[in-house]
Amino acid sequence: MVRKAVQGMTEGCRLCPRECGADRAQGKTGYCRMPMEPHVARAALHEWEEPCLSGTRGSGAVFFSGCTLRCVFCQNHRIAEGAAGWKVSVGRLAEIFLELQDQGAHNINLVTAGHVLPSVVQALERAKRQRLSIPVVYNTGGYEKADTLKRLEGLVDIWLPDCKYRSSRLAERYSHAPDYPTRAEEALKEMVRQAGTAVFDTEGIMQKGVIVRHLVLPGCTGDSKDVLEFLWDGWGDRIWVSILSQYTPLPHAAAYPELNRRITPEEYEEVTGYARFLGMTQVYVQEGDCADGRFIPAFDGRGVVRASTENLQDPLIFS
């Protein structure tokens, strides 16, 4: 069973490329700062994904607390650091998926779930045995182990990874992960293998496929172009690419003065122009002013708590 294969990876955790070895089954935490049980900070319809995911009704986004990257510029830094969230059981997590489907979500959007994969796999299997029928999206920073992702085959329909860097130097400086380019490449190969050719319904909503996101950082247009060239040379039109202009400087990145500004229109045009030069056609771009804090959702536990709390194990935690 898929569930048993994944559970065995939590005894001396090796789920992510950090391979920190934390005994999370005994409540110990590693780099992700989380125990084995999932903590969810928000579960609600989300309108700010790519159009083929958000559609007209929203994507059913489930934001998990903790992260294996914790990039210095992260907009979701409060939950990435494990500073907010409710601990939920596998049963409650499956219910959350079904409740989002009942609200009209086009898909279930698992945001940063890799470090709690054993519980997520069990919850998906349970929900699908009941009546979950909408696509499942795996939304990740891209720092994943390909072997771990294999445990999701048959459970995930759409892969939504970042490809943040091709430069190991930038990956080390901003994400403390010099092996990020290698790991992201291995993970993306596995995602494309599982997803195959993209499929859309009659409303233009993706049912299966891969969308790779890239956030343009201030002063890093050269690396952004390297990312686009890597994606085009490797997969061409087999994948979709989303080039993001929404970088927003936040106080917790003050130690990195080069990041203390938004990208300029010229920088964004340089990167999107390079995509056109390469011949890319399956590309999403952002128009207008997207570098705005209002696009960061409130991690207030919405959608996590029910009137019946038999499956809710802990109150909201803030550190």
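Predicted model, so just to flag it, every value in this text is computed and none were measured. (Residues numbered from 1 in each chain as written. Predicted model: local features only at pLDDT ≥ 70, side-chain atom pairs only at ≥ 80, totals over all residues. Heavy atoms only, no water.)

A. Broad picture of helix α8 (residues 180-195). The terminal C-alpha atoms of α8, which comprises 16 residues, lie 22 Å apart, in line with the 22 Å expected from a rise of 1.5 Å per residue. Among the structural elements, β5 (136-140), α6 (146-149), β6 (158-161), α7 (168-175), β8 (206-215) and α9 (221-235) are those in contact with the buried residues of α8. (Helix = DSSP H or I, 4+ residues; strand = E, 2+ residues; numbered from the N terminus. Expected span 1.5 Å × (residues − 1). Contact = heavy atoms within 4.5 Å.)

B. Seen up close, the packing of aromatic side chains. In the structure shown here, the tally under the stated rule is 11 aromatic pairs. Between the aromatic rings of Phe63 and Phe299, the centroid separation amounts to 5.3 Å while the plane-to-plane angle is 65°, which identifies the pairing as edge-to-face. Residue Phe63 is found in strand β2 (residues 59-64), and its partner Phe299 is found in the loop between β10 (283-285) and β11 (317-318); the two are separated by 236 residues along the sequence. For Phe63, a relative accessible area of 4% corresponds to the buried category. In this structure an aromatic cluster arises from ring pairing among Phe73, Tyr174, Tyr247 and Tyr256. (Phe/Tyr/Trp six-rings, centres within 6.5 Å; stacked < 30°, edge-to-face > 60°. Buried < 20%, exposed > 50% of the residue type's maximum accessible area, 1.4 Å probe, protein only.)

C. Representation of the pattern of salt bridges. In total, this model carries 19 salt bridges according to the counting rule given. Ionic pairing is found between Glu19 and Lys145, a salt bridge with its closest N-O pair at 2.8 Å. Pair noted here: Glu19 is in the loop between α1 (2-7) and β1 (39-46) and Lys145 is in the loop between β5 and α6, with a separation of 126 residues, a long-range link. With a relative accessible area of 38%, Glu19 lands in the partly exposed category. Here Lys150 makes a salt bridge to Asp147, at a shortest N to O gap of 3.5 Å. Judged by relative accessible area, which is 43%, Lys150 ranks as partly exposed. (Salt bridge = Lys/Arg side-chain N within 4 Å of Asp/Glu carboxyl O.)

D. Broad picture of the side chain of Ser175. Here Ser175 shows up in helix α7. Classification of Ser175 by relative accessible area gives buried; the value is 0%. With residues near it in sequence (within four places) discarded, Ser175 still touches Arg18, Tyr31, Leu69, Cys71, Lys164, Tyr165 and Leu170.

E. Highlighting the pairing of strand β9 (residues 240-244). The buried fraction of β9 is high, at 5 of 5 residues. Pairing between β8 and β9: 5 bridges, direction parallel. Looking at the pairing, Ile211 lines up with Trp240 of β9. The handedness of the β8 to β9 crossover, carried by α9, is right-handed. (Pairing = 2+ DSSP bridges. Right-handed = clockwise from strand over helix to strand, strands pointing away.)

F. Looking closely at the packing of helix α4 (residues 90-102) against helix α5 (residues 117-130). In the contact formed by α4 and α5, the axes pass within 8 Å of each other and the chain directions differ by 55°. On the basis of their axis angle, the class for α4 and α5 is oblique. The crossing of α4 and α5 is right-handed. On α5, the residues touching Val90, Gly91, Leu93, Ala94, Phe97 and Leu98 of α4 are Ser119, Val120, Gln122, Ala123, Leu124, Arg126, Ala127 and Gln130. A breakdown of the residues in the contact of α4 with α5 according to their chemical character gives 9 nonpolar, 4 polar and 1 charged. (Axes fitted to C-alpha atoms, helices over the stretch in contact; angles between N-to-C directions. Parallel < 35°, antiparallel > 145°, perpendicular 65-115°, else oblique. Left-handed = near helix turned anticlockwise from the far one by under 90°. Nonpolar A, V, L, I, M, F, W, Y, C, P; charged D, E, K, R; others polar.)

G. Inspection of the nonpolar core at higher detail. In terms of nonpolar packing, the biggest core is built from 58 residues, with Phe97, Leu110 and Leu231 touching the most fellow members. Looking at which element gives the most residues to this core, the answer is α4, with 7 residues. Of all hydrophobic cores here, the second largest spans 20 residues; its members include Cys67, Ala80, Tyr174 and Tyr256. (Core = buried A, V, L, I, M, F, W, Y, C linked by side-chain atoms within 4.5 Å.)

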